[in-house]
Amino acid sequence: MPNVLELFKSSGALLEGHFKLTSGKHSDVYYEKFTILKQPRICEQVCVEMAKLFENDKVELVVGPTTGGIIIAYEVAKYLGLNSIYAEADPGGKGRVFKRGFHIDEGTRVLIVDDVLTTGGSIFEVIELVKSYKAEIVGIGEFLDRSGGKVKFDYPFKALATVDANAWEPENCPLCKKDIPITQRGSRKFQTA
Ligand SMILES: [Zn+2]
């Protein structure tokens, strides 16, 4: 098995430095998920490794949340010889819905996949949606667990790689205190704030 963590680092998906997260907190690690998702050959390799983690679990359907989860569910399902569907944000409220005629039969053995676990918010929404179809969740797979082990699921959870990422409120950020320039997330060039 290729070292997935090294692959994330060497491809530039996993960055170490000083970052402002969408939550407003500052962190010393940033995962730019589309660095992997935009490269089909690398993404496929990573998804094959994820599929192998669950290939003995008699999975019948792979489900992912938009946006990255669409690609990951598709690639994992392709390796396992299955179908994949994706859960979209409910335009009318909170949580997730299936559109496009997607449906899960009662009792279907479902694998839920996504790229990076931080708070687990989108995965918990997919879990609720899948449960509403009385399907059986047999596993949850992520490329990267950066939750520090804080997020717990009632289902078998496997991640291809784990990082210890610190996140601080800006006023408590030790990197700011050291005057380390902050990296604007998503920018091509590293800029100072
Ligand atoms: Zn900072």
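Residues numbered from 1 in each chain as written. Predicted model: local features only at pLDDT ≥ 70, side-chain atom pairs only at ≥ 80, totals over all residues.

Below, the discussion takes up the overall build of the protein chain. Along the protein chain, the regular secondary structure elements total six helices and nine strands. For 193 residues, the compact-globule estimate of 2.2 N^0.38 gives 16 Å, and the C-alpha radius of gyration of the protein chain, at 17 Å, lies within 12% of that figure. For the protein chain, the spread of C-alpha atoms along the three principal axes comes to 55 × 40 × 30 Å. Across the 193 residues that make up the protein chain, the buried fraction comes to 33%. (Helix = DSSP H or I, 4+ residues; strand = E, 2+ residues; numbered from the N terminus. Rg over C-alpha atoms; globule rule 2.2 N^0.38 Å. Buried ≥ 20, exposed ≤ 12 C-beta atoms within 10 Å, placed from the backbone.)

Glancing now at the pairing of strand E7 (residues 136-145). Burial analysis of E7 places seven of its ten residues in the buried class, the great majority of the element. Across eight bridges, strand E6 (residues 109-117) lies against E7 in parallel orientation. Within E7, the residue paired with Ile112 across the bridge is Ile140. Crossover handedness for the path E6 to helix H5 (residues 121-132) to E7: right-handed. (Pairing = 2+ DSSP bridges. Right-handed = clockwise from strand over helix to strand, strands pointing away.)

The next thing to look at is the nonpolar core. Counting 42 residues, the largest nonpolar core has Val62, Val63, Val76 and Ile112 as its most contacted members. Other than its neighbours up to four places away in sequence, Ile112 contacts Val63, Ile123, Val126, Ile127, Val130, Ile137 and Ile140. (Core = buried A, V, L, I, M, F, W, Y, C linked by C-beta atoms within 7 Å. Contact = placed C-beta atoms within 7 Å.)

This part takes up the sheet that holds strand E1 (residues 14-20). With antiparallel pairing, three strands are arranged side by side in an open sheet as E1-E2-E9. Whereas interior strands pair on both sides, the edge strands pair on one side only; in this sheet they are E1 and strand E9 (167-168). Of the strand pairs in this sheet, E1 and strand E2 (residues 26-31) are connected by five bridges, and their pairing is antiparallel. Bridge assignment links Glu16 to a residue of E2, and that residue is Val29.

With mixed pairing, the six strands of this open sheet are ordered in space as E5-E4-E3-E6-E7-E8. In the strand order of this sheet, the two ends are held by strand E5 (96-97) and strand E8 (157-162), each with one partner. One ladder, built from two bridges, connects strand E4 (residues 83-89) with E5; its direction is antiparallel. Across the sheet, the residue bridging to Ala89 is Arg96, located in E5. Running over the sheet, helix H3 (residues 40-53) touches E6, E7 and E8 and is turned about 145° from E8. (Axes fitted to C-alpha atoms, helices over the stretch in contact; angles between N-to-C directions.)

Turning to the packing of H3 against helix H4 (residues 68-80), a few remarks are in order. Direction vectors running N to C along H3 and H4 enclose 60°, while the axes themselves pass 8 Å from each other. Remark: the crossing between H3 and H4 carries right-handed chirality. Seen from H3, the contacting residues are Cys43, Glu44, Cys47, Val48, Met50 and Ala51; seen from H4, they are Ile71, Ile72, Glu75, Val76, Tyr79 and Leu80. Considering only residue class, the contact of H3 with H4 consists of ten nonpolar, no polar and two charged. (Left-handed = near helix turned anticlockwise from the far one by under 90°. Nonpolar A, V, L, I, M, F, W, Y, C, P; charged D, E, K, R; others polar.)

Given a rise of 1.5 Å per residue, 14 residues ought to cover 20 Å, and the 20 Å separating the end C-alpha atoms of H3 matches this to within 8%. Every buried residue of H3 is listed here: Cys43, Val46, Cys47, Met50 and Ala51. Each buried residue of H3 lies within a common arc of 145° when the element is viewed along its axis, so the set occupies one face. For H3, the secondary structure elements touched by its buried residues are helix H1 (4-10), helix H2 (34-37), H4, E6, E7 and E8. (Expected span 1.5 Å × (residues − 1). Arc of directions from axis to C-beta.)

Turning next to the environment of Tyr30. Mapped onto the secondary structure, Tyr30 falls in strand E2. What makes Tyr30 partly exposed here is the crowd of 19 C-beta atoms within 10 Å. Along the chain, Tyr30 and Ala13 lie 17 residues apart, while their C-alpha atoms are 8.0 Å from each other.

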